[in-house]
Amino acid sequence: MTGNQWGYGEEDGPSSWYKDYPIAEGARQSPINIAPEEAVYDHGLPPISLHYDNCTSTNISNNGHSVVVDRCECDRCSSLLTVIQGGPLENAYRLKQFHFHWGGKGCHGSEHTVAGKTYTSELHLVHWNAAKYSSFAEAAVAPDGLAVLGVFLEIGDERGGLNKITDSLYMVKFKGTVTDFRDFNPNCLLPSSLKYWTYPGSLTTPPLYESVTWIVLTEPICVSEKQMGKFRTLLFNSEEEEQRTRMENNFRPPQPLKGRTVRASFK
Ligand SMILES: COc1ccc(C)cc1NC(=O)Nc1ccc2c(c1)[B-](O)(O)OC2
Ligand SMILES: [Zn+2]
């Protein structure tokens with residue numbers, strides 16, 4: 001496995017990432033299995049507050065590992081506040097991008113698990129500490145640099161808000177493709193409850209930086225099998241490559257807790 005050639009296959013998957021990214025065996029790796037009974041209710045934890053109202057997406061792309069919706073970083077947009085704050089966070093963290101992890105068929109595909117239960121997919125809304133750091137890249141390597149909101153997706157009724165994304169996926173079938181994707185607001189992908197678990201962790205993909213304060217919502221949203229099927233029409237490969245491998249099972253399994261405490265915002 002050379003350089004940054006990593007994936008989710010037999011040869012280049014999560015169990016071999018440590019060869020190029022030794023931090024894979026670090027003390028605050030993600031995801032983890034969340035054991036609700038062992039979570040510590042912290043009555044000092046305020047609720048999280050999301051200000052996505054001015055959220056302006058700019059494009060959707062296939063990076064060979066997932067499908068990513070980038071937030072517009074133009075002067076006008078970056079002055080608008082699209083932030084998460086409260087909860088375990090010292091200050092407001094600015095939304096940078098969001099993306100998904102999903103399975104093949106059935107109900108596995110999430111990265112975090114809850115008492116061993118897997119979900120069909122997991123949405124990650126990635127925010128960075130713009131109050132303290134001057135760029136995402138700088139924040140991405142700092143212990144308090146990133147805050148990622150994790151939302152579980154489970155199979156059920158169709159989620160209307162997801163259709164704008166699933167209807168665009170055919171445009172980014174191949175690794176390295178990008179297309180305009182404007183004015184999408186991820187508010188429509190949030191569950192009704194913002195009850196959460198929080199713990200100190202890492203990126204779940206190389207470079208696996210240990211810079212993430214994880215905030216995982218307890219309530220999943222429902223998506224239809226048909227909608228999930230559209231994610232699986234994406235490919236890990238670029239159009240030039242011979243190989244055509246469906247993009248699915250792009251999740252890292254749970255990692256050792258190594259003494260960390262998971263806090264709950266609720267009793
Ligand atoms: C090659 O990748 C990089 C190069 C340089 C920098 C500064 C950052 C990255 N990667 C990065 O931020 N990934 C990343 C960021 C956030 C999340 C995840 C991955 B996830 O765990 O899947 O969910 C939350
Ligand atoms: Zn992710």
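The name recorded for the protein in an unreviewed UniProt entry is Carbonic anhydrase, from Electrophorus electricus. Under the UniProt heading Sequence similarities (unreviewed entry), the note attached to the protein is "Belongs to the alpha-carbonic anhydrase family." Turning to the protein, the UniProt annotation filed under Cofactor (unreviewed entry) states: "Zn(2+)".

1. Some thoughts on the environment of S202
Assignment of secondary structure puts S202 in the loop between β12 (196-201) and β13 (212-217). With 175 residues separating them in the primary sequence, S202 and A27 have C-alpha atoms 9.6 Å apart. S202 has contacts with R28, Q29, S30, L208, Y209, E210, S211, V212, W214 and R252, leaving out every residue within four places of it along the chain. Here S30 takes part through its backbone nitrogen, which lies 2.8 Å from a polar atom of the side chain of S202.

2. Points about the pattern of salt bridges
In this structure the tally under the stated criterion is six salt bridges. Of the charged contacts, one joins K230 and D167 as a salt bridge, the two residues approaching to 3.3 Å between their closest N and O atoms. With a gap of 63 residues between them, K230 in helix α5 (residues 225-231) and D167 in the loop between α4 (163-166) and β11 (178-180) connect regions that are remote in the sequence. The class for D167 is partly exposed, based on a relative accessible area of 44%.

3. Comments concerning the packing of aromatic side chains
Tallying each qualifying case throughout the model produces 11 aromatic pairs. A ring pair is formed by F100 and F231, whose centres lie 5.0 Å apart and whose planes are at 55 degrees; its orientation type is tilted. One end of the pair, F100, is in strand β7 (residues 93-102); the other, F231, is in helix α5, with 131 residues separating them in the sequence. According to the relative accessible area criterion, F100 is buried, its value standing at 2%. The rings of F98, F100, W102, F181, F184 and F231 are connected pair by pair, giving a single aromatic cluster. Looking at K117, its charged tip hangs above the ring of Y119, at a distance of 4.7 Å from the centre.

4. Topic: the site of ligand 1
Taken together, H99, H101, H124, V126, F136, A137, A140, V148, L203, T204, T205 and P207 form the complete shell of residues around ligand 1. H101 is positioned such that a nitrogen or oxygen atom in its side chain is 3.3 Å from an oxygen atom of ligand 1. Within the contact set of ligand 1, an oxygen atom lies 3.1 Å away from a side-chain nitrogen or oxygen of H124. Of all the secondary-structure elements, those providing two or more residues to the shell around ligand 1 are β7, β9 (121-128) and α3 (136-140). Its residues assigned to classes, the shell around ligand 1 shows seven nonpolar, five polar and no charged.

5. Let's talk about unusual backbone geometry
Here S30 and P31 are connected by a cis peptide whose omega angle stands at 0 degrees. Mapping P31 onto the fold places it in the loop between α1 (17-20) and β1 (33-34). In this structure, the amide linkage connecting P206 to the following residue, P207, adopts the cis form with an omega of 15 degrees. The phi angle at A115 is positive, at roughly 50 degrees, despite the residue not being glycine. Summarising the element assignment, A115 is placed in the loop between β8 (113-114) and β9. Even without being glycine, N249 reaches a positive phi, approximately 55 degrees.

What counts, and at which threshold
- Residues numbered from 1 in each chain as written.
- Chains lettered and ligands numbered in written order.
- Predicted model: local features only at pLDDT ≥ 70, side-chain atom pairs only at ≥ 80, totals over all residues.
- Heavy atoms only, no water.
- UniProt positions renumbered as here; feature names shortened; annotations may be inferred.
- Helix = DSSP H or I, 4+ residues; strand = E, 2+ residues; numbered from the N terminus.
- Contact = heavy atoms within 4.5 Å.
- Polar contact = N/O pair within 3.5 Å; in protein donor to acceptor, adjacent residues only side chain to side chain.
- Salt bridge = Lys/Arg side-chain N within 4 Å of Asp/Glu carboxyl O.
- Buried < 20%, exposed > 50% of the residue type's maximum accessible area, 1.4 Å probe, protein only.
- Phe/Tyr/Trp six-rings, centres within 6.5 Å; stacked < 30°, edge-to-face > 60°.
- Lys NZ or Arg CZ within 6 Å of the ring centre and 35° of its normal.
- Near = heavy atom within 4 Å.
- Nonpolar A, V, L, I, M, F, W, Y, C, P; charged D, E, K, R; others polar.

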